[in-house]
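# Structural features, examined
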Amino acid sequence: MRIDRLAARELGEFWSLREDVTVRFGRRTVLRTPWGELCIYRPGSLLCEALRRMQLGPVSLANVAPGFPGYDVPEREWNDASRELLGALDPLQHVIVRHLAIGASPLLSVIPLSRHATFRPPPDPVPSPPGDGFRPLEEAVPRRLGRDLVFSYEGRAHRVELRGPDAPKLLRHLRAGDGDSRPPVDGRLPAAVVRAARAYAAAAGPLSPVEYGENRSSATDPASGLPMIRTGDVLPTEHRGPGPLTT
């Protein structure tokens with residue numbers, strides 16, 4: 001039995017660097033990125049440790065700064081170490097990949113595509129007035145990567161990927177779009193996971209509030225039976241995915 005089947009089905013937030021970013025440590029730490037080199041002079045120990053772990057794959061930053069906050073924790077509740085680390089990571093948002101997981105199973109990744117990309121998930125993604133929901137600005141394109149079925153959305157600043165056994169359920173939740181955590185078909189994901197996924201998707205661009213009374217009709221993909229709007233844009237390069245979640 002796989003270890004991700006044994007893990008509790010709870011929300012996990014993980015951080016990593018883009019796969020094409022490398023780090024050279026020293027008094028002047030240098031990040032080589034697709035847009036050139038970034039130099040950080042005399043980086044703090046927390047930032048160095050976070051970068052060292054993040055270049056190996058998705059990690060929980062709570063193992064770098066105990067008490068590290070989730071996306072929905074207000075700034076006034078951050079501890080000093082978390083505030084220092086988040087402040088140091090803020091200028092690096094365009095090279096940082098953010099991940100959501102259920103237990104040890106990767107579920108959603110947000111990959112920056114622009115040197116100007118910023119990512120700040122709203123703490124409360126439920127639209128107002130309640131029940132109006134969200135609609136995708138563009139539709140997730142389903143495709144196979146090895147044995148995985150991946151649903152991908154590519155915007156101007158970010159690419160969002162849904163993967164893993166719960167990806168179809170999450171896509172239905174996102175398409176349902178109201179403040180409830182119940183999907184319109186079958187299966188149920190933890191409410192905290194659905195809220196976080198909506199917040200991440202809203203921050204990255206695939207979701208926008210539906211205007212009051214607007215029709216949310218959609219087409220259906222015949223292969224998967226999942227709702228989608230047809231688009232011919234398939235990514236020219238593939239992201240390998242978050243891989244194993246580490247600490």
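Residues numbered from 1 in each chain as written. Predicted model: local features only at pLDDT ≥ 70, side-chain atom pairs only at ≥ 80, totals over all residues. Heavy atoms only, no water.

### Focus on the nonpolar core
With 26 residues, the main nonpolar core has Leu108, Val110, Val160, Leu162, Leu170 and Tyr200 as its most contacted residues. For this core, the secondary-structure elements that each account for two or more residues are strand 5 (96-102), strand 6 (105-112), strand 9 (148-154), strand 10 (158-162), helix 4 (167-176) and helix 5 (191-204). With near-sequence residues (within four places) excluded, Val110 lies in contact with Ile96, Val97, Arg98, Phe119, His158, Arg159, Val160, Tyr200 and Ala204. Within the second largest apolar cluster, 22 residues are counted, among which are Leu46, Leu61, Val64 and Leu89. (Core = buried A, V, L, I, M, F, W, Y, C linked by side-chain atoms within 4.5 Å. Buried < 20%, exposed > 50% of the residue type's maximum accessible area, 1.4 Å probe, protein only. Helix = DSSP H or I, 4+ residues; strand = E, 2+ residues; numbered from the N terminus. Contact = heavy atoms within 4.5 Å.)

### Description of helix 5
Taking 1.5 Å as the rise per residue, helix 5 with 14 residues should run 20 Å; its terminal C-alpha atoms sit 20 Å apart, in good agreement. Among all positions of helix 5, only Val193, Val194, Ala196, Ala197, Arg198, Ala199, Tyr200, Ala201 and Ala204 are buried. Among the residues trailing helix 5, Gly205 stands out with phi positive, at a value near 120 degrees. (Expected span 1.5 Å × (residues − 1).)

### A few points about empty space enclosed by the protein
Under the definition given, this model contains two cavities of 30 Å³ or more. In this structure, the second largest cavity spans a volume of roughly 40 Å³. What lines the second largest cavity is simply Gln93, Ile96, Arg98, Val110, Pro112, Ala117, Thr118, Phe119 and His158. Broken down by secondary-structure element, the contributors of at least two residues to the lining of the second largest cavity are strand 5 and strand 6. (1 Å grid on protein atoms, 1.4 Å probe; cavity = no way out; pocket = protein on both sides within 12 Å on 5 of 7 lines; lining within 4 Å. Points joined across faces, edges and corners; volume = space filled by probe spheres on them.)

### Describing the sheet that holds strand 2 (residues 22-24)
Taken in spatial order, the three strands of this open sheet run 2-3-4, and their pairing is antiparallel. In this open sheet, the two edge strands, each paired with only one partner strand, are strand 2 and strand 4 (36-41). Pairwise comparison of adjacent strand axes, ignoring direction, gives a mean angle of 20 degrees for this sheet. Examined bridge by bridge, strand 3 (residues 28-33) and strand 4 share six bridges and lie antiparallel to one another. Of the residues in strand 4, the one forming a bridge with Arg32 is Glu37. (Pairing = 2+ DSSP bridges. Axes fitted to C-alpha atoms, helices over the stretch in contact; angles between N-to-C directions.)

### Comments concerning the layout of surface pockets
When its volume is computed, the largest pocket comes out at roughly 590 Å³. In this structure, the largest pocket is lined by 24 residues; those nearest its centre are Trp15, Tyr71, Trp78, Leu86 and Arg98. Counting residues per element, the ones that place at least two in the lining of the largest pocket are strand 1 (11-17), helix 3 (80-89) and strand 5. A total of three residues in the lining of the largest pocket trace back to one element, the largest contributor, which is helix 3. In the lining of the largest pocket, the residues fall into 15 nonpolar, four polar and five charged. (Nonpolar A, V, L, I, M, F, W, Y, C, P; charged D, E, K, R; others polar.)

### Observations concerning the pairing of strand 9
In this structure, strand 8 (residues 141-145) lies alongside strand 9, joined through five bridges in antiparallel fashion. In the sheet register, Val141 faces strand 9, and the bridge partner there is Ser152. Note: strand 9 against strand 10, four bridges, orientation antiparallel. Residue pairing across strands places Phe151 opposite Leu162, the latter belonging to strand 10. The turn joining strand 9 and strand 10, which pair antiparallel and follow one another in sequence, is formed by three residues.

Taken by themselves, the reported measurements are silent on function.
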